[in-house]
Amino acid sequence: MKQADRAFFPSPRPRPPYTADQPVAELGFAEQFATWAMRVQWTHIGDGRQRSLVLQRAFDALDMPEGAELVAELTEALMQTTQRPLSVPCPKWRVLTSDEARLLAFLAAMQARDGTPLADCDPDWRAPGTGSAVWAPAQRLALAFSAAGLRFGMTRMGEPPFPLAMPRLH
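Below or above, wherever it landed, is the structure these notes cover. In every chain, residue numbers begin from 1 and rise along the written sequence. Since the coordinates come from a predicted model, pLDDT governs what is reported: local features require at least 70, and pairs of side-chain atoms require 80 or more to be given and counted, while whole-chain, interface and lining totals use all residues. Think of the side-chain values as coming from all heavy atoms in the structure, minus any hydrogens and water.

Let's talk about empty space enclosed by the protein
The following threshold applies: In the cavity and pocket records, a cavity denotes points on a 1 Å grid over the protein atoms alone where a 1.4 Å probe fits but cannot get out, a pocket denotes an open set with protein on both sides within 12 Å along at least 5 of 7 lines, and lining residues are residues with an atom within 4 Å of a point. Grid points are joined across faces, edges and corners, and a volume is the space filled by probe spheres set on the points. Each helix is a run of DSSP H or I of at least 4 residues and each strand a run of E of at least 2, with the numbering of both proceeding from the N terminus. Gly is placed with the polar residues, together with every amino acid not listed as nonpolar (Ala, Val, Leu, Ile, Met, Phe, Trp, Tyr, Cys and Pro) or charged (Asp, Glu, Lys and Arg).
Taken as a whole and judged by the stated rule, the model has one cavity of 30 Å³ or more. In this structure, the largest cavity encloses a volume near 130 Å³. Along the walls of the largest cavity sit 14 residues, with Met38, Val88, Asp99, Glu100 and Leu103 positioned nearest its centre. Put simply, the parts of the chain that give the lining of the largest cavity at least two residues each are α1 (29–43) and α4 (98–112). By residue number, the principal contributor to the lining of the largest cavity is α4, which donates five residues. Residue composition of the lining of the largest cavity, grouped by class: 10 nonpolar, two polar and two charged.

What follows is the structure, given as structure tokens:
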């Protein structure tokens, strides 16, 4: 690669490690918001609505009106492709589950643009045919977060965590 081309292809940032039982208060705002949004959407699956009004208003406040629809699409794709029940707790749960940690790592990999999100995805998401259904909504959601200025993994880059953001939103 030529020296001048390095400006167009910056080296990717290190991926943030997300783990099960990691306190949500240790995460940055983007991670907390994404976790909260998935949890709120998950709680509204059984009532026949595709999107929550609370979720729509929260995304509207971030100037990301398509966000609630993208979260609904990703949730639907996850339900169709994952062969086991996903562990997604109520919105006020204080720690990440293993499924949420895997999903955050996958979304962060989509934002990183380093071409290796397969390393961070669930084995069910790699399956030919059904597994690819998760990729498009996850990529659109990661791009929407980027366009709104919300980057995953900023706490590793020196940004302080955003303690207790989720209870304030819900």
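Considering helix α2 (residues 53–61)
An α-helical turn contains 3.6 residues, so a residue and the one three or four places further along point in the same direction. Filter applied, for reference: For each residue, the accessible area found with a 1.4 Å probe, counting protein chains only, is set against the maximum for its type, and the residue is called buried under 20%, exposed over 50%, and partly exposed in between. Along the arc lie the directions from the helix axis toward the C-beta atoms. We call two residues in contact when some of their heavy atoms are within 4.5 Å.
Listed as buried for α2 are Leu55, Gln56, Ala58 and Phe59. Here the buried residues of α2 occupy an arc of 165° about the axis, which is enough to place them on one side. For α2, exposure combined with an orientation more than 90 degrees from the buried face picks out Arg57 and Ala61. As for α2, its buried residues are in contact with α1, α3 (67–81) and α5 (132–147).

What to know about the pattern of salt bridges
For clarity, the threshold we go by: Salt bridge, as used here, is a side-chain nitrogen of Lys or Arg placed within 4 Å of a carboxyl oxygen of Asp or Glu.
Throughout the structure, instances matching the rule amount to four salt bridges. When the shortest N-O distance is used, the salt bridge between Arg140 and Glu73 registers 2.4 Å. Taken together, the positions of Arg140 in helix α5 and Glu73 in helix α3 put the pair 67 residues apart, joining distant regions of the chain. The class of Arg140 is partly exposed, set by a relative accessible area of 38%. Look at Glu73 and you get partly exposed, because its relative accessible area is 28%. Linked through salt bridges whose partners overlap, the residues forming this network are Arg84, Asp99 and Arg102.

Describing the nonpolar core
For the record, the criterion: For this analysis, a nonpolar core means a set of buried residues of the types Ala, Val, Leu, Ile, Met, Phe, Trp, Tyr and Cys, connected via side-chain atoms within 4.5 Å.
Within the largest apolar cluster, 40 residues are counted, with the highest numbers of intra-cluster contacts made by Tyr18, Leu55, Phe59, Leu74, Phe145 and Phe152. Of all elements in the fold, only α1, α2, α3, α4 and α5 reach the threshold of two or more residues within this core. Per element, the largest residue contribution to this core is nine residues, and it comes from α1. Discounting chain neighbours no more than four positions away, the residues touching Phe145 are Ala30, Phe33, Ala34, Phe59, Met64, Gln111, Leu150 and Phe152.

Notes on the packing of α3 against α5
As a reminder of what qualifies: For helices, the fitted line uses only the C-alpha atoms of the stretch in contact; every axis is such a line through C-alpha atoms, and the angle between N-to-C directions lies from 0 to 180 degrees. Here the angle decides the label: under 35 degrees means roughly parallel, over 145 means roughly antiparallel, 65 to 115 means roughly perpendicular, and every other value means oblique. Crossing handedness is defined as follows: a turn of the near helix away from the far one that is anticlockwise and smaller than a right angle gives a left-handed crossing, while the clockwise case is right-handed.
Orientation of α3 relative to α5, taken along the N-to-C sense of each, is 155°, at an axis distance of 9 Å. Judged by the angle between their axes, α3 and α5 are roughly antiparallel. Along this stretch, α3 crosses α5, giving a crossing that reads as left-handed. The segment α3 lies against α5, with Gly67, Leu70, Val71, Glu73, Leu74, Ala77, Leu78 and Thr81 engaging Ala133, Val134, Pro137, Ala138, Arg140, Leu141 and Ala144.

Looking at the environment of Phe59
Position of Phe59 relative to the elements: it lies in helix α2. When the C-alpha positions of Phe59 and Glu69 are compared, they lie 9.7 Å apart, and in sequence the two are 10 residues distant. Dropping the residues within four chain positions of it, Phe59 is found in contact with Phe33, Ala37, Met64, Pro65, Gly67, Ala68, Val71 and Phe145.

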